[in-house]
Amino acid sequence: MTRTMEADATDAGLNDTVALLQAMIREACVNDGSVESGQEVRNVNVLQRFLAGAVATGRLEVHVYASAPGRSSLIARVRGTDPDAPALGLVGHLDVVPVNPDGWSRNPFGGELIDGEIWGRGAVDMLYLTAAFATVLRDAALSDTPLRGDLVLLAVADEEAGSEHGIHWLLREHAAAVHVTEAISESGGMRMGRHVAIEVAEKGSAGRRLVVHGTPGHASIPYGAAGAVTRMGEVLNRLSSVTPIAQLGPLWAAFVNARIDDPELAERMLDPVRLDAVLPKLGGIAGYAHAISRITISPTILRSGHTHNVIPSHGELDLDIRTLPGTTDAEVDELLRAMLGDLADAVEIEHLRGWPATASPATTPLFAAIERAVTEVSGEPVVPIMAAGGSDNRVLRGIGIPAYGFGLLGPEWSYEKYREGVHGNNERIDLGSIGLTLAALRRIVADRVG
Ligand SMILES: [Zn+2]
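Residues numbered from 1 in each chain as written. Predicted model: local features only at pLDDT ≥ 70, side-chain atom pairs only at ≥ 80, totals over all residues. Heavy atoms only, no water.

Engineer: I would appreciate a short explanation of the packing of aromatic side chains in the present structure.
Structural biologist: Note on aromatic pairs: each is described by the distance of the centres and the angle between the planes. Tallied over the full model, the rule gives 4 aromatic pairs. Centre to centre, the rings of Tyr-288 and Tyr-415 are 4.4 Å apart; their planes meet at 45°, and the pair counts as tilted. Of this pair, Tyr-288 sits in helix H11 (residues 286-292) while Tyr-415 sits in helix H15 (residues 415-421); the two residues are 127 residues apart in sequence, bridging distant segments of the chain. In this structure, Tyr-288 and Tyr-415 share a single accessibility class: buried. A ring pair is formed by Phe-367 and Tyr-404, whose centres lie 5.5 Å apart and whose planes are at 55°; its orientation type is tilted. Here Tyr-404 lies in strand E18 (residues 403-405) and Phe-367 lies in helix H13 (residues 365-378), a separation of 37 residues in the sequence. Each member of the pair, Phe-367 as well as Tyr-404, carries the same accessibility label: buried. Grouped by ring-pair contacts, the aromatic residues Trp-252, Phe-255, Tyr-288 and Tyr-415 constitute a single cluster. One cation-aromatic arrangement involves Arg-394 over Trp-355; the distance from NZ or CZ to the ring centre is 4.0 Å. (Phe/Tyr/Trp six-rings, centres within 6.5 Å; stacked < 30°, edge-to-face > 60°. Helix = DSSP H or I, 4+ residues; strand = E, 2+ residues; numbered from the N terminus. Buried < 20%, exposed > 50% of the residue type's maximum accessible area, 1.4 Å probe, protein only. Lys NZ or Arg CZ within 6 Å of the ring centre and 35° of its normal.)

This is the structure in structure tokens:
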């Protein structure tokens, strides 16, 4: 804790980072998935004002690119002196997910500071990091000591809806501007036991639509009918009565060792056959443990029928399916057919959007720098983890760039608390965590490109 207080008290950038975070929350760049939403240009404008002084020195190059009206991203680069040095990308998204204001006890877009916490949508996911990235980049540009390698802020649109108008578009249309050799972004810094979690892998997505066929008829004579709606119920029943088997990858043992104190429980969790029986004993971490140990299948959308007196001939059931590193599309389809059994003949499987699981090795110089920085600032060890969801890290990994989910939250930030904050009601972050993150980030930057 002494180190925490020290980080808070000595980082001159903390006040500026907090003010920047508040300003970005208040712009309410809410991304609902439609192309008109997000309007990240507003947060780009906030960043441009924040960086103006550094641009004036001539040491910071800033470019703004819009993939669609209002869907702007900002790329700011401090050039290093050594062309062989790494180019470190700081990837922060500018958009936030929608809110249900009824669930909030404060204005979700007020950016208020209450009892040492900044409140608002995006405070945790991930505007505090985007603000910390901008602060450290600005300070590097204002410093008289040149950097060895490039330091690049990629402040991007549309992460929350799949990044099509953000990092995907930038990589297609402005690849040279995006150029980095390694990167950090969101989804790290929460605690697994006393360890600080750094994300090195993300599950993949393999969305599927099950088109279910049945026999149409008049609803007034249901005897013997095999309508699509009834069949969809049977399909759902099959899918929920079978749990895909556990496949414990290379990160599993580290997670168990970091998080589970009871040695007997830990031993059972390391056995794929005995794991499922102990999931109910895992409390708030059970969902995460379940998700990262197997392929998961979540039914999310049902569609069938037009008229209440007609038994429909077909229906559609959309599934959110999350895959592990190495899972192929064919394996997902085979798994579904096996789960459906004899119902499989009445079902067509269509592919929705997806992407493979991704991982960066925990053996790169950047990961070592993150580990050193986090441990120096927090006094605790690091555990590499796999995220159940996706972030822009996956896009960079997809083109061969090592990318990690960074952050350094206070000791009270269990994985459960983090999950609750992200996309939930009353999202907020404490100033202590912002100070810790800044302190670790400055060390990483100095280590890699300073
Ligand atoms: Zn995010």
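After that view, the rundown keeps rolling.
Engineer: Just to check I follow, could you spell out the side chain of Thr-358 for this structure?
Structural biologist: Within the secondary structure layout, Thr-358 lies in strand E16 (residues 358-359). A polar side-chain atom of Thr-358 sits 3.2 Å from a polar atom in the side chain of Arg-397. (Polar contact = N/O pair within 3.5 Å; in protein donor to acceptor, adjacent residues only side chain to side chain.)

Engineer: In this structure, what is going on with the nonpolar core? I would like to understand it.
Structural biologist: General note: in soluble globular proteins, nonpolar side chains tend to be found buried as a group. One finds Leu-153, Met-192, Phe-255, Met-269, Phe-406 and Ile-429 to be the most contacted residues of the largest nonpolar core, which totals 94 residues. Looking at which element gives the most residues to this core, the answer is helix H4 (residues 123-142), with 14 residues. The residues that make up this core include at least three from each of domain 1 (2-201 + 358-449) and domain 2 (202-355). (Core = buried A, V, L, I, M, F, W, Y, C linked by side-chain atoms within 4.5 Å. Domains from an automatic or database assignment.)

Engineer: Honestly, the UniProt feature "domain: Peptidase M20 dimerisation" (unreviewed entry) in the chain in this entry has me stumped. Any pointers?
Structural biologist: Under the local residue numbering, the UniProt record ascribes the feature "domain: Peptidase M20 dimerisation" (unreviewed entry) to residues 200-344. Note that residues 200-344 is 38% helix and 25% strand, and that its end C-alpha atoms are spaced 36 Å apart. (UniProt positions renumbered as here; feature names shortened; annotations may be inferred.)

Engineer: Looking at this model, I keep getting lost on the domain arrangement of the chain. Mind explaining?
Structural biologist: By a frequent convention, interface size equals the accessible area lost on bringing the separate parts together. With domains assigned, the chain is organised as domain 1 (2-201 + 358-449) and domain 2 (202-355). Spacing between the C-alpha centres of domain 1 and domain 2 amounts to 33 Å. Listed by partner, the interface residues are 24 residues for domain 1 and 17 residues for domain 2. Taken together, the connections running from domain 1 to domain 2 amount to 1 salt bridge. Close ionic contact of Arg-259 with Glu-416 constitutes a salt bridge, the shortest N to O distance being 2.7 Å. Applying the counting criterion to the domain 1 and domain 2 interface returns 5 residue pairs in polar contact (both at pLDDT 80 or more). Among the secondary structure elements, those contributing two or more residues to the side of domain 1 that touches domain 2 are strand E9 (195-202), strand E17 (382-387), helix H14 (392-398) and H15. (Contact = heavy atoms within 4.5 Å. Salt bridge = Lys/Arg side-chain N within 4 Å of Asp/Glu carboxyl O.)

Engineer: Looking at this structure, I do not really get helix H7 (residues 228-241). What am I missing?
Structural biologist: For an α-helix the count is 3.6 residues per turn, leaving residues at separations of three or four pointing the same way. Its 14 residues give H7 an end-to-end C-alpha distance of 20 Å, which sits within 8% of 20 Å, the value for a rise of 1.5 Å per residue. Of the positions making up H7, those classed as buried are Ala-228, Met-232, Val-235 and Leu-239. Each buried residue of H7 lies within a common arc of 60° when the element is viewed along its axis, so the set occupies one face. Among the exposed residues of H7, those oriented more than 90 degrees off its buried face are Thr-230, Asn-237, Ser-240 and Ser-241. Considering only its buried residues, H7 is in contact with strand E10 (204-213), strand E12 (296-304), strand E14 (314-323), helix H12 (329-340) and strand E15 (347-355). (Expected span 1.5 Å × (residues − 1). Arc of directions from axis to C-beta.)

Engineer: What should I look at first to understand unusual backbone geometry in this one?
Structural biologist: Leaving glycine aside, a negative phi is the common case for residues, and trans is the common case for peptide bonds. Cis geometry is found at the peptide bond from Asp-125 to Met-126, where omega equals -20°. Even without being glycine, Ser-163 reaches a positive phi, approximately 75°. Among the secondary structure elements, Ser-163 is positioned in the loop between strand E6 (151-156) and helix H5 (167-173). Its identity as a non-glycine residue notwithstanding, Ser-187 has a phi of 85°, on the positive side. If you trace the backbone, Ser-187 turns up in the loop between strand E7 (182-185) and strand E8 (191-192).

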